[in-house]
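Understanding the architecture of this molecule
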Amino acid sequence: MKNFKLEKRMIDSLRLYGALLVLSITMTCCGGTASKQASERGGFNLVGTVEGYTSGTVKMEAYIDGDNKVLAEAEIQDGQFSFNYDFPVPMEVSLSIGERMDGWFARFYAENANMTINGKKGSYESTVTGGVVQDGAQRFGKTIKKFYAEHGDPYGFDSRIYAAKTDADKKKIEEEKVLYNNKLEDFYKEYIRLNATDPYVAQIVYVRLTSKTGGQSAQALAKWAEPIDVSIRQHPFVAQMFNMLNSMLETEAGLDKFVADAHDVKYKVDNTYKGAAHTNVKYLAVLNNDNLVALSSEFGIHDDYNAHGGKKEEPKAFNVQIIDTEGKELNRFKVEAEGLASCIAADADNNIYVLTTLLKEKKTKFRGRETVYMEKVGAKCYVFNTKGEQQNEYLLEGREYATGARIYRDKLLVSDVGKGALGIYNTADGKLISTIKDLRPCCSILDFDVDSEKGEILAANLGSFRVDGYTMEGKKIVSFGQRGRGIDDFHSCCNPVSVRRLHNGAVITVEKAPTRIKVYSREGAKYVEGIEELVEGCFHIPVMSDSKDNIYLASPKKGLVKCVVI
């Protein structure tokens, strides 16, 4: 396999990207002094017209750090508008006028070049010229449409499988889907080979590096990138992809070393544990005496706003339960807090941190009809003692959604599925210390764990079928997993949903649909036997372990399950 190490100047150019992207923006209409000043700001110069508009405001937006951000606005004058910006690395942006369904919307790759766009009110079809990456995207779009016309729509299989009346029909459609996906994968690889000097082909590999589309190992993805011609590897768009690939190649090989000191741990399900009564548990933590802390709700765990974004039922109450090692509830208190309680953590002094996701009613229009939904707008932390007496509360800066939580010494770590990020805060006042970005959530799930001794973070990046390890500073130190059915793989639509680091250094992963619990040690990966199905469909399975490395798992209907070391 070829060596994909980037030259220093290419890496340096990528480091500059983040800083350059947030430079001040100047937008102008055509002509005049303002236009001359704007042209000195950056190399992206776009002139556009939209038939049906002689005036109005055009917004330019991009998806950055989990948010759709407005980069600039421009006024239409005499039927024309213009943007000036700096894109050191080409980026997919959108332009819009008015409401998306009633106005005008276009998406394309912007880069430092003189570009034009021409559209029509009420249409998503626009003509964009002048950009190398956008030209490549358009060529690819025409080619993939031809493939779909000849071989069928890839998005139709799931609905056919769902509608199948018999297991035999379902199996037949699933087999058809496998054959189709293999043919589609061959198409992508051949397209890269035939267009090896087109910078856009890096996007085909990049999608597989960053999403569940591929779910392949770095070694396998490196073979996808091999045909890309050396003459374009310093192009910033291509370099961005190779930079990520190189990082994965470096860290993926480190699992054996990561668990080199971890001896094999074997488990059995503890059938004497009285945990079945504790249903609708959302999240777990553990106290310093090994008593379990469970965040539970008084309504169906899948009926809240976590259920794939749908508003199904107003929350009635959330409870914190203290449960002993035999499964007996010792104490319970209600969480009276703003927002939707979503996860908990406990520190060495047995303070309990309850994280809530703040919601705001939002109204949108779709083809004249008004839709009301609850938008996730922030996160808050409430601190209680084991008696339920509130000790502290604070807002968490930069969070949209509190998905998972852990305590490491004086730091509170909170994952955010909305932003695909993890925020690290001071436990005393909630001040933001740092953020780890570019995590890979899926199905409204993003969980993680922290090594209690080293402070190393393990994220269950189910959107890419991997577990990725980071230092507190955000440096990636290990990565393992790929999509598949083998013991070293993660299956289903996206997995794993949870991860846990044991005291001896071994790693536990939790998968759903079907449920699989695996332990990674120096002896390799091994299943925990005797685990029944814990959830139905694509939902989170909380996991926690105590000082003896016994494992606790939460099932909405079956309650708590305990696995003990044997």
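**A few points about the overall build of the protein**
When helices and strands are counted, the protein shows nine helices and 33 strands. Here the protein holds 566 residues, and 52% of them are scored as buried. Of the contacts made within the protein by residues no fewer than 6 positions apart, 55% connect residues no fewer than 24 positions apart. Only carbon and sulfur atoms are counted for the fraction: they give 48% of the accessible area of the protein, which is about 26300 Å².

**Some remarks on the state of the cysteines**
Counted under the stated rule, the structure contains one disulfide. Residue pairing for Cys443: its cysteine sulfur links by disulfide to Cys538, the two sulfurs lying 2.5 Å apart. On the S-S bond that ties Cys443 to Cys538, the torsion sits near 85°, and the link is right-handed. Of this pair, Cys443 sits in the loop between β22 (432-436) and β23 (448-450) while Cys538 sits in the loop between β30 (524-527) and β31 (543-545), placing them 95 residues apart in sequence.

**Quick look at the confidence of the model for the protein**
Do not read the fine detail of predicted coordinates wherever pLDDT is low. When pLDDT is averaged across the protein, the result is 88; 88% of the residues are at 70 or more. Scored below 50 in pLDDT, residues 1-40 makes 70 contacts in the model with residues more than four places away or belonging to other chains. In this model, residues 304-313 is a region of pLDDT below 50 whose contacts with residues beyond four sequence positions or in other chains number 28 contacts.

**Describing the sheet that holds strand β14 (residues 329-334)**
Taken in spatial order, the four strands make up an open sheet running β11-β12-β13-β14, and their pairing is antiparallel. In the strand order of this sheet, the two ends are held by β11 (281-286) and β14, each with one partner. When strand polarity is set aside, the average angle formed by the axes of neighbouring strands in this sheet is 20°. Relative to strand β12 (residues 292-297), β11 runs antiparallel, the two being bridged by five bridges. In the strand pairing of β12, Leu284 is matched with Ala294.

**Here's the deal with the sheet that holds strand β3 (residues 56-64)**
What the four strands build is an open sheet, ordered β4-β3-β6-β7; its pairing is antiparallel. Edge strands, defined here as strands with exactly one partner in the open sheet, are β4 (67-76) and β7 (104-110). In this sheet, adjacent strand axes meet at a mean angle of 25° when their direction is disregarded. Of the strand pairs in this sheet, strand β6 (residues 91-97) and β7 are connected by seven bridges, and their pairing is antiparallel. Within β7, the position partnered with Leu95 by the bridge is Ala106.

**Section: the packing of aromatic side chains**
The final tally for this structure, using the stated rule, is 20 aromatic pairs. Ring-pair connections join several aromatic residues into one group, and the members of that group are Tyr109, Phe140, Phe147, Tyr148, Phe157, Tyr180, Phe187, Tyr188, Tyr191, Tyr200 and Phe237. Sitting over the ring of Tyr188, Arg208 keeps its end group 4.4 Å from the ring centre. Lying across the ring of Phe258, Arg501 places its NZ or CZ 4.1 Å from the centre.

**Observations regarding the pattern of salt bridges**
Tallied over the entire structure, the rule returns 25 salt bridges. Between Arg160 and Glu176 there is a salt bridge whose closest N-O contact spans 3.0 Å. Here the residue Arg160 occupies a position in helix α4 (residues 157-163), and Glu176 occupies one in helix α5 (residues 167-194), the gap between them amounting to 16 residues. One salt bridge in this structure joins Arg516 and Glu511, with 3.1 Å as the shortest N-O distance. When salt bridges with common partners are traced through the structure, they connect Glu338, Lys380 and Glu393 into a single cluster.

**Focus: helix α8 (residues 236-252)**
Look at α8: 24 Å from first C-alpha to last across 17 residues, which is about the 24 Å you get at 1.5 Å a residue. Taken together, the buried positions of α8 are occupied by Phe237, Val238, Ala239, Met241, Phe242, Leu245, Asn246, Met248, Leu249, Thr251 and Glu252.

**Comments concerning the packing of helix α6 (residues 201-210) against α8**
At a closest axis distance of 9 Å, the pairing of α6 and α8 adopts a crossing angle of 35°. Our pair here, α6 against α8, has a crossing hand that is left-handed. In this structure, α6 uses Ala202, Gln203, Val205, Tyr206, Leu209 and Thr210 to contact α8, whose residues at the interface are Phe237, Val238, Gln240, Met241, Met244, Leu245 and Met248. Classifying every residue of the contact of α6 with α8 gives 10 nonpolar, three polar and no charged.

The rules we used
Residues numbered from 1 in each chain as written. Predicted model: local features only at pLDDT ≥ 70, side-chain atom pairs only at ≥ 80, totals over all residues. Heavy atoms only, no water. Helix = DSSP H or I, 4+ residues; strand = E, 2+ residues; numbered from the N terminus. Buried < 20%, exposed > 50% of the residue type's maximum accessible area, 1.4 Å probe, protein only. Contact = heavy atoms within 4.5 Å. Areas by Shrake-Rupley, 256 points an atom, 1.4 Å probe, with all protein chains shown as cover. Disulfide = S-S within 2.5 Å. pLDDT = per-residue confidence, 0-100. Pairing = 2+ DSSP bridges. Axes fitted to C-alpha atoms, helices over the stretch in contact; angles between N-to-C directions. Phe/Tyr/Trp six-rings, centres within 6.5 Å; stacked < 30°, edge-to-face > 60°. Lys NZ or Arg CZ within 6 Å of the ring centre and 35° of its normal. Salt bridge = Lys/Arg side-chain N within 4 Å of Asp/Glu carboxyl O. Expected span 1.5 Å × (residues − 1). Left-handed = near helix turned anticlockwise from the far one by under 90°. Nonpolar A, V, L, I, M, F, W, Y, C, P; charged D, E, K, R; others polar.

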